[in-house]
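Chain and residue survey
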Amino acid sequence: MTARQRADRRAGLAFVAPAVLVLAGLSLYPGLWVLWLSLQQRIPIFGIARFVGIDHYAFLASDPRMWNAVRVTLVFTVASVALELVLGLTAALALQRQRLGRRIAVALLLLAWALPSVVTAKLFEWLYHPSAGLVNVLLGGRTLNWLGDPGLALAGLIAADVWRTMPFVALLCYARLLTIPGEVYEAARVDGAGRLATLTSITLPLLRPVLLIALLFRTLDALRAFDLMFVLTGGGPAGTTETLTVYAYRSLFQTLQLGFGSAIGVVSFMLVMLVAAAYLGVLRRAGATA
Amino acid sequence: MKARARVWDVAVLLLLAVWAGPFFWQVRTSFTPDAELLATQRVLPASPTTIHYRAVAERSVMPRALGNSLAVAALTTLVALALGLPAAYAIARLPVPGKALLLLVIVASTAFPQIATVSPLYLLMRGLGLRDTWTALVLANTSFALPLLIWLLAGFIREVPIELEEAAFLDGAGRLGVLARVIVPLVAPGVASAALLTFLASWNEFLFAYTFTATEASRTVPVALALFPGVFEVPWGDIAAASILASLPPIIIVVGLQRWLVQGLTAGALKD
């Protein structure tokens, strides 16, 4: 090992050390601590702190509220991610043919994505207002109680999430479309390929890797989503929009059961990691065959 | 043919404007007097007013919250850059022991749900006496912004031709000198886009801010908006004005710094 290599090794360690220490202290350590917390009965206001083993998990396994939260989380995730991908892809394809005003188009597209999700929640709360909300007005003066009706609230929540996150998918696809050279389309035209054939045999295959990545990012985000439902519906009405994250938060900080709430947080964590691992397996196989 | 292309351009712009419609409707509401709020059949209010903005500026915690949010987002961005730039450079260029494991941890931690770490972090902040301070929020926000920042910056740094660094070494510069005087100027657009994304993420963050703050001393904009008080009925006009104010920095970033932002947003996903 030369002096230069030794110096580089030392520099490398010194350069990553501060970031690693911060991540270890603020991500890894809490990530392990939450496992420990989830094995305890911790109710600070009564001064209760004792080890209960896997009691919380055993309770959750047969807790109807828990299974409802799992179902709501999965329905929310599948529905909003599917809609986001279809609409985002459509928007990107529409933008691809755009010649004038591209900057304005992208700004309009990104607007919904850039807003804080609490702002989105307030926007939609007003749009869904039973008597003065724009949604009911546009539906011909109905008085549907979008956020108060157990049959409508989840759909209303999903619509707000799709509004907020479709632009992210659209932008990723659009950026990929811009890198496809014009000659590819020119060649397809010379070969007599129609618009539909060009789309299905050139554009979509080229977009596949980006779509898979968008799918991964969006699915993980949807599984973890919290702000929008917490502010828009608070999990209600009758628990129809209560995701795992909202159930965890309410247990942690509204009924102040730190141990029990942590156990729900751990379940949410496991779900995210499971889905991430499954996707990475699919991505790897897709990469191997592509 | 030309005319058809023009029609397409206008149609796409109109559709995107409709998509952004919920925001524009909130802008309209923020200038609508209370008496007219139910008159939804008009596109614009008959007698527009700034009364809601005055109410928010003079009688709400929003001005204070805007200051808190600006400070927390700016400090988070600075701290994350100070930690992330050297780490990204080391990952891109230097022999770090256990680099593969480190990369795995960084990627995995971008997928950590905040809801899982919020309870230990809450106990940690309370134990350190940091509840209701900017410091708690800067630390917590840095923890979730840092992995993505390192990932993005390492990608940008890898693209710098290594010969440029060699020239600086021959002039006797150390690694830190190379990073500061060669790398950072060359990847400045990348640094800017990563910094903007970090600022935006911190500005929009709600869960940690809602949990670790207790008073207006540290409450950020999303928390102030979520807790916006109504006495007898919901003050829709005031809420609309407050949410427009909360949206201004993100809008400035998206409209004014679009090129840089888009570069950062797509760099991570397209280079696989």
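Residues numbered from 1 in each chain as written. Chains lettered and ligands numbered in written order. Predicted model: local features only at pLDDT ≥ 70, side-chain atom pairs only at ≥ 80, totals over all residues. Heavy atoms only, no water.

Summing up its helical and strand segments, chain A has 12 helices and 2 strands in all. For chain A, the succession of helices and strands along the chain, N to C, is α-β-β-α-α-α-α-α-α-α-α-α-α-α. Dimensions of chain A along its principal axes, counting C-alpha atoms only, are 80 × 75 × 35 Å. Buried positions account for 53% of the 290 residues belonging to chain A. Counted over contacts in chain A with a minimum sequence separation of 6, partners at least 24 positions apart contribute 67%. Of the accessible surface of chain A, which amounts to about 13000 Å², a share of 68% is contributed by carbon and sulfur atoms. (Helix = DSSP H or I, 4+ residues; strand = E, 2+ residues; numbered from the N terminus. Buried < 20%, exposed > 50% of the residue type's maximum accessible area, 1.4 Å probe, protein only. Contact = heavy atoms within 4.5 Å. Areas by Shrake-Rupley, 256 points an atom, 1.4 Å probe, with all protein chains shown as cover.)

It is worth spelling out the domain arrangement of chain A at this point. When the parts of a complex come together, some accessible area is lost, and that lost area is often used as the size of the interface. Residue and element names in this part refer to chain A. Per the domain assignment, the segments making up chain A are domain 1 (3-38) and domain 2 (57-289). On a C-alpha basis, the centres of domain 1 and domain 2 stand 33 Å from each other. Residue-level contacts link 4 residues of domain 1 with 5 residues of domain 2. In this assembly, domain 1 packs against domain 2 so that about 410 Å² is buried in total across both faces, 73% of it on carbon and sulfur atoms. On inspection of domain 1 and its partner domain 2, the count reaches 0 salt bridges. Linking domain 1 with domain 2 are 1 residue pair in polar contact (both at pLDDT 80 or more), by the criterion used here. Residues that form the side of domain 1 that touches domain 2 fall into these classes: 3 nonpolar, 1 polar and no charged. (Domains from an automatic or database assignment. Buried area = accessible area lost by both parts, 1.4 Å probe. Salt bridge = Lys/Arg side-chain N within 4 Å of Asp/Glu carboxyl O. Polar contact = N/O pair within 3.5 Å; in protein donor to acceptor, adjacent residues only side chain to side chain. Nonpolar A, V, L, I, M, F, W, Y, C, P; charged D, E, K, R; others polar.)

Before going further, it helps to spend a moment on the packing of aromatic side chains. A complete count under the given rule lists 26 aromatic pairs over all chains for this structure. For the ring pair F269 of chain A and F112 of chain B, a centre distance of 5.1 Å and an interplane angle of 85° mean the geometry is edge-to-face. Within this pair, whereas F269 of chain A is found in helix α12 (residues 258-289), its partner F112 of chain B is found in the loop between α5 (99-110) and α6 (114-127), the two belonging to separate chains. Among the residues examined, F269 of chain A registers a relative accessible area of 19% and is labelled buried. Each ring, one from F144 of chain B and one from F208 of chain B, has its centre 6.2 Å from the other, and the planes form 45°; the classification is tilted. A residue pair is termed long-range when its members are at least 10 positions apart, and F144 of chain B in helix α7 (residues 134-158) and F208 of chain B in helix α11 (residues 207-212) qualify at 64 residues. By relative accessible area, F144 of chain B is classed as partly exposed at 26%. (Phe/Tyr/Trp six-rings, centres within 6.5 Å; stacked < 30°, edge-to-face > 60°.)

Tallying the contact residues gives 86 residues for chain B and 91 residues for chain A. Both sides of the chain B and chain A interface together cover about 7900 Å² of buried area, and 78% of this is carbon and sulfur. Summed over the shared surface of chain B and chain A, the number is 1 salt bridge. Across the pair D8 of chain A and R175 of chain B runs a salt bridge whose closest N-O atoms are separated by 2.8 Å.

Okay, the environment of L16 of chain B next. Considering the arrangement of structural elements, one finds L16 of chain B in helix α1 (residues 2-19). Each C-alpha atom, one on L16 of chain B and one on A154 of chain B, is 34 Å from the other, the two residues being 138 residues apart in sequence. Setting aside chain neighbours within four positions, we find L16 of chain B in contact with L95, A105, L108 and L109 of chain A.

Below, the discussion takes up the pairing of strand β2 (residues 48-51) of chain A. Residues and elements named next belong to chain A. Here 4 bridges tie strand β1 (residues 40-43) to β2, and the two strands are oriented antiparallel to one another. Within the sheet, the bridge partner assigned to R42 lies in β2 and is A49. Counting the residues between successive antiparallel strands, the hairpin from β1 to β2 contains 4 residues, one of them, G47, with a positive phi of roughly 65°. (Pairing = 2+ DSSP bridges.)

What follows concerns a nonpolar patch on the surface. On the surface, L28 of chain A together with L101, L104 and V105 of chain B cluster together to form a nonpolar patch covering roughly 360 Å² of accessible area. No other element matches the 3 residues that α5 of chain B contributes to the nonpolar patch. Within the element layout of this structure, L104 of chain B appears in helix α5. (Patch = residues over 30% accessible without salt bridge, like charges linked within 9 Å, V, L, I, M, F, W, Y side chains within 5 Å.)

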